[in-house]
Amino acid sequence: MELKLHHLINSRSQRILWLLEELQLDYELIIHPQKVLNADAPPHKFPTLLLQQSGHEQTLTESSAIAAYLCQQKQALILNSSAHHYWDFCFYTHFSDGSFMPNLALKQVFSQIVCQTPWPVRFISLAVKATFNKSYLNPEIKTQLALLNDHLTKNTWLAGDQFSYADILLWFPLHACMHAYPDFQAYNTLECYLRQIKSRPAFQAALLKGQWSADEFQRYWEMTQ
Ligand SMILES: N[C@@H](CCC(=O)N[C@@H](CS)C(=O)NCC(=O)O)C(=O)O
């Protein structure tokens, strides 16, 4: 099976790059420094994975679908339905992109609206953003962080002692929260969990290959606070 990954620097596709490194799969990496705005270029969502097998090419998008497929193929980083932490595995593989990331995506949207509002009336969109953050998004994220913090206080990884692709999917929104949510430092366990991820060799290799910029990521997500 030949694999080609379309990756946008500092985006969610960094998770699939990390997954490919964890699974020790051979792949070709196509790096996109920024969003494709050219009408002639094929539209891309990042990640997009192209799989070539027996003369047939398949295009796969959606990080969680890509992760589920690759891990099933390799029979790695997944839990068997008889495993003690199977239900945690099931829940958290859907939680990250299904519930957690949408709140961060809304923060991104409000931040973009502010950036695109003409300067003389920007105070209006700034006020809307602040109100929505205060009254809805930050309380929602607080509840989600408390859930994760509580779970990871009792477990090394999301699925108990076993590192799984649920952890890979969680990393991006959790790391974004570190900069996008004002009181993140109150969650000591989550900071330790992120450090634990950072110490994985495959994670480090993926950061290098994906041209990850920690400063750029921080700057981008801090603007959404
Ligand atoms: N739910 C999808 C979201 C993919 C997505 O929207 N990725 C962003 C980068 S984080 C993207 O492709 N942006 C470029 C665009 O929408 O044109 C996934 O996790 O794979």
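Residues numbered from 1 in each chain as written. Predicted model: local features only at pLDDT ≥ 70, side-chain atom pairs only at ≥ 80, totals over all residues.

The name that an unreviewed UniProt entry assigns to the chain is Glutathione S-transferase, with the source organism given as Acinetobacter celticus.

UniProt's entry tags residues 82–217 with the feature "domain: GST C-terminal" (unreviewed entry), counted in the numbering of this structure. Structurally, residues 82–217 is divided into 76% helix and 0% strand, and its ends, taken at the C-alpha atoms, are 39 Å apart. (UniProt positions renumbered as here; feature names shortened; annotations may be inferred. Helix = DSSP H or I, 4+ residues; strand = E, 2+ residues; numbered from the N terminus.)

A separate point is the packing of helix α3 (residues 86–116) against helix α5 (residues 165–180). Geometrically, a packed helix pair is captured by the angle between its two axes and the distance between the axes. Where α3 contacts α5, the two axes come as close as 9 Å, and the packing angle between them is 25°. In terms of orientation, α3 and α5 fall into the roughly parallel class. In terms of crossing hand, the pair formed by α3 and α5 is left-handed. In this structure, α3 contributes Phe 89, Tyr 92, Thr 93, Ser 96, Asp 97, Phe 100, Met 101, Leu 104 and Lys 107 to the contact, and α5 contributes Tyr 165, Ala 166, Leu 169, Leu 170, Pro 173, Ala 176, Cys 177 and Ala 180. Grouping the amino acids of the contact of α3 with α5 by side-chain chemistry returns 13 nonpolar, two polar and two charged. (Axes fitted to C-alpha atoms, helices over the stretch in contact; angles between N-to-C directions. Parallel < 35°, antiparallel > 145°, perpendicular 65-115°, else oblique. Left-handed = near helix turned anticlockwise from the far one by under 90°. Contact = placed C-beta atoms within 7 Å. Nonpolar A, V, L, I, M, F, W, Y, C, P; charged D, E, K, R; others polar.)

Further remarks concern the site of the ligand. Lining the immediate environment of the ligand, one finds Leu 8, Ser 11, Arg 12, Lys 35, Lys 45, Phe 46, Pro 47, Thr 61, Glu 62, Ser 63 and Asp 97. Of the residues that constitute the shell around the ligand, the class distribution is three nonpolar, three polar and five charged. (Near = placed C-beta within 6 Å.)

Another point: the pairing of strand β3 (residues 48–53). Of the pairings in the sheet, the one linking strand β1 (residues 2–8) to β3 comprises five bridges and is antiparallel in character. Looking at β3, one finds that Glu 2 is bridged to Gln 52. Across six bridges, the pairing between β3 and strand β4 (residues 56–61) is antiparallel. Pairing of Leu 49 across the sheet is with Leu 60, part of β4. Counted along the chain from β3 to the antiparallel partner β4, the turn is two residues long, and its residue Ser 54 has a positive phi close to 45°. (Pairing = 2+ DSSP bridges.)

Often, the extent of an interface is quoted as the loss of accessible area upon association of its parts. The domains assigned to the chain are domain 1 (2–74) and domain 2 (86–222). Between domain 1 and domain 2, the residue contacts involve 17 residues of the former and 18 residues of the latter. For the side of domain 1 that touches domain 2, the secondary structure elements donating two or more residues are α1 (14–22), β2 (28–32) and α2 (63–74). Taken together, the residues of the side of domain 1 that touches domain 2 break down into eight nonpolar, five polar and four charged. (Domains from an automatic or database assignment.)

A few words on α3. Spanning 31 residues, α3 covers 45 Å between terminal C-alpha atoms, matching the ideal 45 Å at 1.5 Å per step. The largest bend in α3 comes to about 55°, at Phe 95. For α3, the full list of buried residues reads Asp 88, Phe 89, Tyr 92, Thr 93, Phe 95, Ser 96, Asp 97, Phe 100, Met 101, Leu 104, Lys 107 and Ser 111. Its buried side turned inward, α3 meets α2, α4 (122–154) and α5. (Expected span 1.5 Å × (residues − 1). Bend = angle between axes of the 7 residues up to and from the residue. Buried ≥ 20, exposed ≤ 12 C-beta atoms within 10 Å, placed from the backbone.)

Note: β1 against β2, five bridges, orientation parallel. By the bridge assignment, His 7 is partnered in β2 with Ile 31. Remark: the β1/α1/β2 crossover connection has right-handed handedness. (Right-handed = clockwise from strand over helix to strand, strands pointing away.)

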